[in-house]
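Single-letter residue listing:
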Amino acid sequence: MKIKDKPNKIKQSDSSDKLKKISRNIRNRRSIYADAFIKKEIPHKLLEEILINATWAPNHKMTEPWRFIVFTGKYLKEYGNYMAHYYKDFYNDLSPDAQKEKLDYLRNYPLNAACLIGIILVQNTKINLPEWEEIAAVASAVQNIALTCTDYNIGNYWSTKGVAIDYVAQFDLAENEKSLGLLYLGYYPDDLEPSKKKRTPLSKKVIYLK
């Protein structure tokens with residue numbers, strides 16, 4: 001094999017443009033909640049691409065400790081009804097009208113989502129890894145979904161509330177599986193206000209040891 005003594009030439013501008021795009025995607029990623037969604041379906045091929053990207057997340061010993069359930073169609077209405085029933089007693093101290101308003105809001109909340117994705121941790125039964133490592137891998141998979149969605153202007157957020165965890169847990173999970181909630185995906189209006197959240201300066205979060 002002939003070894004090149006000169007590295008490949010990459011134009012500085014090309015490298016810089018790629019870095020800017022990557023940084024822009026990461027920094028533009030944000031949680032967009034379902035009550036801001038507009039009704040629109042994600043093309044199946046694009047949804048598959050999003051999920052394939054999830055499976056390329058880093059994971060220790062290649063355990064790939066994730067599984068996904070994609071909920072569409074009637075399941076959006078079903079989950080809205082599930083939430084309303086789940087929280088019914090929580091709003092008992094409200095007036096009947098106020099309680100009805102809250103529960104109607106919950107019933108309608110998922111309806112404009114393109115889909116909901118059940119996030120499931122699959123703990124390997126042959127390789128003994130700490131659970132936190134497996135959860136970290138699943139979180140990385142979810143981040144891959146979020147970054148891909150950001151590139152395609154698809155809103156998303158991960159709901160880890162008890163209602164989301166319990167809903168997914170109903171769908172025949174194995175003994176080594178655990179529900180980690182629901183990921184909402186949906187399109188949003190072009191005029192949606194950008195997030196005003198700031199990040200702590202790097203100088204307060206990083207030290208360099210030489």
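The structure presented is a predicted model; accordingly, all values stated were derived computationally and were not measured.

## Considerations on the pattern of salt bridges
Here the structure, examined in full by the defined rule, presents five salt bridges. A salt bridge links Arg107 to Asp104; its shortest N-O distance comes to 2.9 Å. Of the two residues, Arg107 and Asp104 are both situated in helix H4 (residues 96–108); the distance of three residues between them amounts to about one turn of the helix. On the basis of relative accessible area, Arg107 is assigned to the partly exposed category, the value being 33%. Judged by its relative accessible area of 25%, Asp104 falls in the partly exposed class.

## Quick look at the pairing of strand S4 (residues 177–187)
Note on strand geometry: in a regular strand, side chains alternate between the two faces of the sheet. Counting buried positions over the 11 residues of S4 gives 10, a clear majority of the element. Summarising the sheet, strand S2 (residues 115–122) and S4 pair through seven bridges and their orientation is antiparallel. Bridge pairing in S4 links Cys115 to Leu185. Two strands pair when backbone bridges link them, and strand S3 (residues 154–159) and S4 are joined in this way by six bridges, in the antiparallel orientation. Of the residues in S4, the one forming a bridge with Trp158 is Leu183.

## Things to note about the packing of helix H3 (residues 74–86) against H4
Orientation of H3 relative to H4, taken along the N-to-C sense of each, is 150 degrees, at an axis distance of 6 Å. As the angle between them shows, H3 and H4 are arranged roughly antiparallel. The element H3 and its partner H4 pack so that their crossing is right-handed. In this structure, H3 uses Gly80, Asn81, Met83 and Ala84 to contact H4, whose residues at the interface are Leu103, Leu106 and Arg107.

## Notes on the UniProt feature "domain: Nitroreductase" (unreviewed entry) in the protein
This chain's UniProt record puts "domain: Nitroreductase" (unreviewed entry) on residues 26–187. Along residues 26–187 the backbone is 43% helical and 19% strand, and the end-to-end C-alpha distance reaches 18 Å.

## Details of the environment of Ala137
With respect to the helices, strands and loops of the structure, Ala137 is situated in helix H5 (residues 131–151). Classification of Ala137 as buried rests on a relative accessible area of 3%. Residues Ala137 and Asp89 lie 48 residues apart in sequence; the distance between their C-alpha atoms is 36 Å. Beyond its immediate chain neighbours, meaning those up to four positions away, Ala137 contacts Ala57, Pro58, Asn59, Pro65 and Trp66.

## A closer look at the state of the cysteines
Each disulfide consists of a covalent bond between the sulfur atoms of two cysteine residues. As enumerated under the stated definition, the model contains zero disulfides in all. Here Cys115 stays unpaired: no disulfide links it, and the sulfur of Cys149, its closest cysteine neighbor, is 7.9 Å away. The class of Cys149 is buried, set by a relative accessible area of 0%.

## A word on the layout of surface pockets
When its volume is computed, the largest pocket comes out at roughly 930 Å³. Breaking the lining of the largest pocket down by element, the ones donating at least two residues are helix H1 (12–28), H5 and S3. Counting residues per element, the lining of the largest pocket draws most heavily on H1, which supplies six residues. By residue class, the composition of the lining of the largest pocket is 10 nonpolar, nine polar and 10 charged. A volume near 270 Å³ is recorded for the second largest pocket. Contributing to the lining of the second largest pocket are 15 residues, with Met83, Leu106, Tyr109, Tyr157 and Lys161 lying nearest its centre. Of all the secondary-structure elements, those providing two or more residues to the lining of the second largest pocket are H3, H4 and S3. If one sorts the elements of the lining of the second largest pocket by residue count, S3 sits on top with three residues. Here the residues of the lining of the second largest pocket sort into 12 nonpolar, two polar and one charged.

Criteria and thresholds
Here, residues in each chain are numbered from 1, in the same order as that chain's written sequence. Restriction of local features to residues with pLDDT of at least 70 applies here, the model being predicted, together with a cutoff of 80 or more for giving and counting side-chain atom pairs; totals for whole chains, interfaces and linings are based on all residues. In computing side-chain properties, one takes all heavy atoms of the structure into account and sets aside hydrogens as well as water. A pairing counts as a salt bridge when a side-chain nitrogen of Lys or Arg comes within 4 Å of a carboxyl oxygen of Asp or Glu. Every helix listed is a DSSP run of H or I at least four residues long, and every strand listed is a run of E at least two residues long, numbered separately from the N terminus. Residue exposure (1.4 Å probe, protein chains only): buried if accessible area is under 20% of the type maximum, exposed if over 50%, otherwise partly exposed. Strands pair, by our definition, only if DSSP identifies at least two bridges between them. Orientation is described by axes fitted as lines to C-alpha atoms, over the contacting stretch for helices, and by angles from 0 to 180 degrees between their N-to-C directions. In these notes the angle categories are as follows: under 35 degrees is roughly parallel, over 145 is roughly antiparallel, 65 to 115 is roughly perpendicular, and the rest is oblique. Should the near helix be turned counterclockwise from the far one by less than a right angle, the crossing is left-handed, whereas a clockwise turn marks it as right-handed. Only heavy atoms matter for contacts: two residues are in contact if any of them lie within 4.5 Å across the pair. UniProt positions are given in the numbering used here, feature names are shortened, and annotations may be inferred rather than shown by experiment. Cysteine sulfur atoms that come within 2.5 Å of each other are treated as a disulfide pair. Here a cavity denotes a set of grid points, spaced 1 Å apart and computed over the protein atoms alone, in which a 1.4 Å probe fits but from which it cannot get out, and a pocket denotes an open set meeting protein on both sides within 12 Å along at least five of seven lines; residues with an atom within 4 Å of a point are reported as lining. Grid points are joined across faces, edges and corners, and a volume is the space filled by probe spheres set on the points. As a working rule, the residues Ala, Val, Leu, Ile, Met, Phe, Trp, Tyr, Cys and Pro are called nonpolar, Asp, Glu, Lys and Arg charged, and the rest polar, with Gly in that last group.

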